[in-house]
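The lines below spell out each chain.
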Amino acid sequence: MNLPNKITVFRVILVPFFVFFMVFDKLPGNKWYALAIFIIASCSDLVDGKLARKYNLVTDFGKFMDPLADKLLVDSAMIALCGIGRLYSVVVIIVIGREFIISGFRLVAADNGRVIAASIWGKVKTVVQMIMVCVLIADLGAEFGGTAHDVIGVVEAVLVVAATMLAVVSLLDYIAKNRDVISSQK
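Residues numbered from 1 in each chain as written. Predicted model: local features only at pLDDT ≥ 70, side-chain atom pairs only at ≥ 80, totals over all residues. Heavy atoms only, no water.

Peer 1: Looking at this structure, how should I read the overall build of the protein chain?
Peer 2: Regarding its fold elements, the protein chain presents 7 helices and 0 strands. Starting at the N terminus and walking to the C terminus, you meet the elements of the protein chain as α-α-α-α-α-α-α. Reported as C-alpha extents along the three principal axes, the dimensions of the protein chain are approximately 60 × 35 × 25 Å. Out of the 186 residues in the protein chain, the part that is buried amounts to 42%. Restricting the contact set of the protein chain to residue pairs at least 6 apart, pairs at least 24 apart contribute 79%. The positive charge centre, built from 18 side chains, and the negative charge centre, built from 15, are 7 Å apart in the protein chain. (Helix = DSSP H or I, 4+ residues; strand = E, 2+ residues; numbered from the N terminus. Buried < 20%, exposed > 50% of the residue type's maximum accessible area, 1.4 Å probe, protein only. Contact = heavy atoms within 4.5 Å. Lys, Arg positive; Asp, Glu negative; His and termini not counted. Charge placed at Lys NZ, Arg CZ, Asp CG, Glu CD.)

See below:
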């Protein structure tokens with residue numbers, strides 16, 4: 001297993017620790033521990049991709065597992081945020097629904113000996129979702145009152161809407177570019 005793939009596996013291993021700190025609110029500063037773990041895991045996504053491309057270490061395992069590791073991290077975060085009242089469930093349902101549809105496409109493609117890598121829309125969606133999750137975990141609106149609270153609320157709302165819209169747009173792009181996967185089924 002090459003270094004980029006090890007970094008991807010590391011990201012998956014971080015997810016239970018992240019979730020623990022998200023839901024275990026009896027520990028002082030738990031959200032900051034969760035945020036730190038989430039940032040480390042998110043940055044590892046950038047690092048493994050850059051290393052894989054720079055040193056020609058792109059593998060089918062990486063093409064398959066890297067997006068799954070991202071989904072596991074981001075979806076776990078959004079479910080936890082929903083559970084603590086920081087994110088609407090409809091957003092989580094839309095995003096996870098998209099993930100199931102794309103995972104289904106990937107499974108059908110894999111059955112046909114084809115691996116489908118993430119598109120640019122999927123990558124942008126992931127980055128925006130990761131930023132949104134960081135902002136929602138930090139919950140800076142709770143830290144500040146007055147106008148600062150209002151501005152932070154607007155930023156949070158814009159990020160949630162953008163992340164949701166990008167999930168839908170990237171799904172439509174993915175289906176359009178890979179419709180032959182379904183049409184080639186016997």
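Peer 1: Which parts of the structure should I look at to understand the environment of K71?
Peer 2: Looking at the secondary structure, you find K71 in helix α3 (residues 60-83). Considering only alpha carbons, one finds K71 and I96, 25 residues apart in sequence, at a separation of 8.4 Å. Beyond its immediate sequence surroundings of up to four residues, K71 is in contact with S76, R98, E99, I102, S103 and R106.

Peer 1: Help me understand the environment of A52, please; the structure alone is not making it clear to me.
Peer 2: Residue position: A52 is located in helix α2 (residues 30-54). Judged by its relative accessible area of 10%, A52 falls in the buried class. For the pair A52 and L3, spaced 49 residues apart in sequence, the C-alpha separation works out to 8.2 Å.

Peer 1: When you look at the pattern of salt bridges in this model, what are you seeing that I'm missing?
Peer 2: As a working rule, side chains carrying opposite charge can pair if their charged atoms are close by. Enumeration over the complete set of coordinates arrives at 11 salt bridges. The salt bridge involving R11 is made with D45; its shortest N-O contact spans 3.5 Å. Taken together, the residues R11 in helix α1 (residues 3-23) and D45 in helix α2 connect sequence positions 34 residues apart. In this structure R11 comes out as buried when scored by relative accessible area, which is 0%. For D45, a relative accessible area of 14% puts it in the buried group. Two residues, R114 and D180, come together in a salt bridge whose shortest N-O distance is 2.7 Å. On the criterion of sequence distance, the pair formed by R114 in the loop between α4 (89-111) and α5 (120-138) and D180 in helix α7 (residues 146-183) is long-range, its members being 66 residues apart. For R114, a relative accessible area of 32% gives the class partly exposed. Put simply, R11, D45, D48, D66 and D70 are held in one network by salt bridges that share partners. (Salt bridge = Lys/Arg side-chain N within 4 Å of Asp/Glu carboxyl O.)

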